[in-house]
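# Chains, contacts and geometry: an overview
Each chain is listed here by its residues.
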Amino acid sequence: MTVRRSSARAFALALLITGTSLVQPVAAGAAPRQERLETRTAPLLRVGGLQFKDLDRDGALDRYEDWRRKPSQRAADLVSRMTLQEKAATMVHGTAPTPWGGPPAYDLAAARRVVAELGVTSLLTRLSGPADVLATQNNALQEIAEGGRLGIPLTISTDPRNHFQHVAGASVPAGSFSQWPEPLGLGATRDEGLTRRFADTARQEYRAVGITMALSPQADLATEPRWSRINGTFGEDAAVVERLTREYVRGFQHGKGVDPEAVQAVVKHWGGYGAAQEGFDSHNPYGKYATFSGDASLRRHLDAFRGAFRTEVAGVMPTYSIVRGATAGGKPLEQVAAGYNRQLTTDLLRGEYGFGGVVISDWGITEDCVDACLNGAPAGQQPSFTGFGAPWGVESLTRDQRFVKGVQAGIDQFGGTEDPSPIVRAVEGGRLTTARVDASVLRVLTQRFEQGLFEDPYVDPAAAARTVGKAEFQAAATAAQQRASVLLTNAAVADGKQKGKGEKGKGKKGRLLPLAQGTRVYLHGIAPQAARAAGLTVVATPEEADVGGARTATPFETLHPQYVFGRMQHEGNLAFAPGQPDFDAIAAISAKVPTVVSVYADRPPVLTRLLPEADALMLNFGITDEALMDLVRGRAEPRGSAPFELPSSMAAVQAQLPDLPADSAAPLFRIGAGLRY
């Protein structure tokens, strides 16, 4: 049963009750307009000519069911009605059970155990597929939740899913969603309006399928060039990161704070994640440290979050990392992960920085890191997520003790667990107070009331199919892919050069890019149909070509293949060199004809050896072949600026400090580098 929502913004909306349409006019001083209600199992109450959902089915209009009241009042009333088990279950943020293989769908039997029996009301979705399928699956989960004792709707969260790079546990394939450059590409544009437009677009797509929380953005400063999470940041310029983080949050949350059209944004990873020691990521036990050269440097990393705080971001996620080399309040930081560090999460985040929203831990910080997690899978075995945990600095504590320490440090919700029993035991045993638990639950539920989910958590699958990835959204996303591209070199190519004998083929007078209609191109790593669609002529050999065109990516190593995240993440070497298949292919093309090269830069590549082989060299941060070829043709222009410094050698990378921006010796290109046509 559905009752349409109207608001002060609307001129008139229909009230649909069992198929009857009643139109209520808007007038100054008029009675409250009927909120949209949709119910699958909860009965409706009529009070004063208005409709309300009887979520607890007691036949009376309770304060938390009364949409005329303030969200904070409703949340306080609901908290007063909850059992300890229900409160504890609100403080865990699980993962929606999804079977491996088969069509995109949740395991609803497993979900029923988690939601209906344990009372968990926050779930991360990793589901990818057609928008109408995602919407239908969302509704199935919400119907289970509505059937609970108090009818509390679910918060469905997601890792980023509108980009190119996909790493399980950190991002989701774009699928049917509009595909934008990585956040690093938005950092290359330095464009606040574009960043806000991206986030507003993603907000509409998320809400269309029922996703109401974004576990993003990353306000981490990308100061360690080898770090595998750089693609999800806005770069290493703290001022740019602060501004773009603010606009990202504003776009997702539909303005300042949270409202009924918002997706809650969770800015991450508080506490200096980007200063990863040797670039190793703290998902892994061998990468659990972030190292700082002093307090001023740590503050630079923390200050980048201020833009999110000014926009009243809904949530903050602390880093897995243990922060070394800095103090807070004149005392050395306790050597535990940020989620367990009261100095970082309460004294600084809530105290000095004034954050009032929800603190959500990263996934699995309460879990044991078993032998295969700690030391890598045995030889001959594939690493897996089984036994994964990241309890850095508190490995010796029991799970129950970790929950207590996390709550005392400032955590409101624990990510990656559906087990609320440690919190129940802690309160019953006097290790946590009911008042402390209530404070967290109140913060969590207030935002859910602000989003209007208690009135209508359901979505329309047909509308989702029309909204997600629609042509208007993808056109803007494609333009952003092109705009973010950074043109580093565009050599002048003289007339009259002969092919063969190592000489480059005849090029056009002036700069190599953009290419003229009909230019004969030999391609490496680019789909021929994309070049033809752009008006280029594709040939079979470099000798036949006027110009070569190639795509490649920043080099990397898989240094820890026995670890589940180490196997997936890009670590180590950033430098192009002979012996690498792409480098050798590009060098062979370059020996024959002028060559255009586009490098996917998920980390800052060391381009010293590649530069002589590329007459025009671009960085991209996620771009389709079609968009790249239109860029090469001049139908669009690369307008990005390097969001990080490009070092000249791996020796320079190894010598720089992980916490300081743009500090490598004799960089090949400085931060902000970028040409125009």
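Residues numbered from 1 in each chain as written. Predicted model: local features only at pLDDT ≥ 70, side-chain atom pairs only at ≥ 80, totals over all residues. Heavy atoms only, no water.

## Section: helix α14 (residues 434-450)
- Taking 1.5 Å per residue, 17 residues should reach 24 Å; α14 reaches 24 Å between its end C-alpha atoms and fits that length.
- The complete set of buried residues in α14 reads Val437, Ser440, Val441, Val444, Leu445, Thr446, Gln447, Arg448 and Phe449.
- Phi turns positive one or two residues past the end of α14, at Gly452, with a value near 75°. (Helix = DSSP H or I, 4+ residues; strand = E, 2+ residues; numbered from the N terminus. Expected span 1.5 Å × (residues − 1). Buried < 20%, exposed > 50% of the residue type's maximum accessible area, 1.4 Å probe, protein only.)

## A look at the sheet that holds strand β23 (residues 595-600)
- Taken in spatial order, the six strands line up as β19-β24-β23-β22-β20-β21 in an open sheet, and their pairing is mixed. Here the strands that pair on one side only, and so sit at the sheet edges, are β19 (486-490) and β21 (537-538).
- With six bridges joining them, strand β22 (residues 547-553) and β23 adopt parallel strand pairing. Residue pairing in the sheet places Gly549 in a bridge with Val596 of β23.
- Its contacts with the sheet put helix α19 (residues 581-590) on β20 (520-524), β22 and β23, and the angle it makes with β22 is roughly 165°. (Pairing = 2+ DSSP bridges. Contact = heavy atoms within 4.5 Å. Axes fitted to C-alpha atoms, helices over the stretch in contact; angles between N-to-C directions.)

## Some points on the state of the cysteines
- Here the structure, examined in full by the defined rule, presents one disulfide.
- A sulfur-sulfur distance of 2.0 Å marks the disulfide that ties Cys369 to Cys373. Disulfide Cys369-Cys373: torsion about the S-S bond near -100°, hence left-handed. For the pair shown, Cys369 and Cys373 are each scored as buried. (Disulfide = S-S within 2.5 Å.)

## Brief notes about the side chain of Asp62
- Here Asp62 shows up in the loop between β6 (50-53) and α1 (71-81).
- In contact with Asp62, other than residues within four places in its own chain, are Asp56, Asp77 and Arg81.

## Quick word on helix α4 (residues 131-146)
- With 16 residues, α4 extends 22 Å between its outermost C-alpha atoms, agreeing within 8% with the 22 Å of an ideal straight helix rising 1.5 Å per residue.
- All of the buried residues along α4 are Ala131, Leu134, Ala135, Gln137, Asn138, Asn139, Leu141, Gln142, Ile144, Ala145 and Glu146.
- On the buried face of α4, the contacting elements are β4 (37-38), β6, α3 (108-117), β9 (155-158), α6 (192-209) and α15 (461-467).

## Things to note about unusual backbone geometry
- Look at the link from Ser216 to Pro217: it is a cis peptide, with omega at 10°.
- Position of Pro217 relative to the elements: it lies in the loop between β10 (213-214) and α7 (238-252).
- In this structure, the amide linkage connecting Leu513 to the following residue, Pro514, adopts the cis form with an omega of 0°.
- The phi torsion at Ala666 lies on the positive side, around 50°, for a residue other than glycine.
- With respect to the helices and strands, Ala666 occurs in the segment after α21 (650-655).

## Some remarks on the packing of aromatic side chains
- Enumeration according to the criterion identifies 21 aromatic pairs in this entry.
- Where Phe177 meets Tyr206, the ring centres are 6.3 Å apart and the plane angle is 75°; that geometry is what we call edge-to-face. Of the two residues, Phe177 is situated in the loop between β9 and α5 (183-189) and Tyr206 in helix α6; the sequence distance between them amounts to 29 residues. Assigned by exposure class, Phe177 and Tyr206 land together as buried.
- When the centroid spacing of 5.7 Å and the interplanar angle of 50° are considered together, the rings of Phe198 and Tyr248 count as tilted. (Phe/Tyr/Trp six-rings, centres within 6.5 Å; stacked < 30°, edge-to-face > 60°.)

## So, the nonpolar core
- Counting 120 residues, the largest nonpolar core has Leu78, Phe252, Trp270 and Phe309 as its most contacted members.
- Trp227, Ala276, Ala550 and Leu607 belong to the second-largest nonpolar core, a separate cluster that totals 28 residues. (Core = buried A, V, L, I, M, F, W, Y, C linked by side-chain atoms within 4.5 Å.)

## Concerning the sheet that holds strand β7 (residues 92-95)
- With respect to topology, eight strands assemble into an open sheet ordered β17-β13-β11-β10-β9-β8-β7-β18, the strand pairing being parallel. Where the open sheet ends on each side, the last strands, each with one partner, are β17 (358-359) and β18 (414-415).
- With two bridges connecting them, strand β13 (residues 315-318) and β17 associate as parallel partners. Among the inter-strand pairings, Gly315 is bridged to a residue of β17, identified as Val358.

## As for the confidence of the model for the protein chain
- Of the residues in the protein chain, 93% reach a pLDDT of 70 or more, and the chain-wide mean stands at 93.
- A low-confidence stretch, residues 4-27 (pLDDT under 50), is modelled with 52 contacts involving residues beyond four sequence positions or located in other chains. (pLDDT = per-residue confidence, 0-100.)

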